[in-house]
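Listed here are the chains, written in short residue letters.
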Amino acid sequence: MPNNIQSLIVHKLIKEQHGTATIELAPHSIAVTDSAQRLIDQFHRLYSERPGKGYGRFDVDENNFPMSRFVRQFFVEQDIDFYSLSELMMQHLEARAGQEQLATGGYVLITHVNNGANDFLLAAIVTEVIGTALTEGLEMV
């Protein structure tokens with residue numbers, strides 16, 4: 001089944017080891033481009049093919065671990081929109097990362113995907129890597 005991206009956003013978690021955590025929120029969701037689609041498809045494929053993957057669970061303590069409440073508000077109750085969901089997720093990540101001395105930051109990609117049978121959220125922290133790429137016009141970026 002194809003991964004149909006419903007919404008996509010990239011925020012930034014700024015954190016050095018033993019430092020404080022801060023977040024930089026994108027002003028809005030981003031357009032789904034062919035590049036974005038390939039990236040989401042690659043994340044999905046890598047996770048799906050991983051042999052020893054484990055599955056997490058939501059903690060019943062929604063005061064200290066509110067992610068299940070955020071997901072329910074978005075998918076079930078529809079009280080919040082995608083941007084608000086991503087903002088709440090980032091605020092919680094900022095608080096948790098601040099408590100972890102060895103945690104580091106990166107770009108936080110959050111997407112709402114539908115593959116025909118299921119709606120799901122994919123969230124990944126992507127660290128910055130300096131590299132080069134060639135455009136279709138053979139320009140180096």
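Parameters and conventions
- Residues numbered from 1 in each chain as written.
- Predicted model: local features only at pLDDT ≥ 70, side-chain atom pairs only at ≥ 80, totals over all residues.
- Heavy atoms only, no water.
- Buried < 20%, exposed > 50% of the residue type's maximum accessible area, 1.4 Å probe, protein only.
- Helix = DSSP H or I, 4+ residues; strand = E, 2+ residues; numbered from the N terminus.
- Contact = heavy atoms within 4.5 Å.
- Core = buried A, V, L, I, M, F, W, Y, C linked by side-chain atoms within 4.5 Å.
- Pairing = 2+ DSSP bridges.
- Axes fitted to C-alpha atoms, helices over the stretch in contact; angles between N-to-C directions.
- Phe/Tyr/Trp six-rings, centres within 6.5 Å; stacked < 30°, edge-to-face > 60°.

## Some points on helix α2 (residues 67-75)
Taken as a whole, α2 has its buried residues at S68, F70, V71, Q73 and F74. Structurally, α2 contributes buried residues whose contacts are with α3 (82-99), β3 (106-114) and β4 (119-126).

## Digging into the nonpolar core
Core analysis: the biggest nonpolar cluster contains 14 residues, and L85 and I110 have the highest contact counts within it. Elements that contribute at least two residues to this core include exactly β1 (4-15), α2, α3 and β3. Examining the composition of this core, we find that five residues originate from one element, α3, more than from any other. Not counting the four nearest positions on each side in its chain, L85 is found in contact with F70, V71, F74, I80 and L121. Grouped together as the second largest cluster of nonpolar side chains are seven residues, I5, L8, V113 and L122 included.

## Quick word on the pairing of β1
Sheet topology note: the β1/β3 ladder contains nine bridges and is antiparallel. Residue pairing for β3: L8 is matched across the bridge by T111. Pairing geometry for β1 and strand β2 (residues 21-24), over four bridges, is antiparallel. Counted as the bridge partner of I14 is T22 from β2. In this antiparallel pair of consecutive strands, β1 and β2, the connection spans five residues, and H18 shows a positive phi of 65°.

## Quick word on the sheet that holds β4
Sheet strands line up and pair through hydrogen bonds in the backbone, either parallel or antiparallel. The antiparallel open sheet is built from four strands, whose spatial order is β2-β1-β3-β4. Unpaired on one side and paired on the other, β2 and β4 mark the two borders of the sheet. Geometrically, the sheet is characterised by an average inter-axis angle of 25° between neighbouring strands, direction not taken into account. Packing against the sheet, α2 makes contact with β3 and β4, and its axis sits at approximately 135° to β4.

## Concerning the pairing of β3
Of all nine residues making up β3, eight are buried, and the element is well covered by its neighbours. Bridging between β3 and β4 involves eight bridges; their strand directions are antiparallel. The residue bridging H112 from the neighbouring strand is L121, located in β4. Connecting β3 to the antiparallel partner β4 that follows it, the hairpin turn spans four residues, and G116 within it adopts a positive phi of roughly 95°.

## Digging into the packing of aromatic side chains
In this structure the tally under the stated criterion is two aromatic pairs. Both rings, one in F74 and one in F82, keep their centres 6.2 Å apart while their planes meet at 65°; by these two values the pair is edge-to-face. Each of the two residues, F74 as well as F82, counts as buried.

Distances and angles like these do not, on their own, reveal function.
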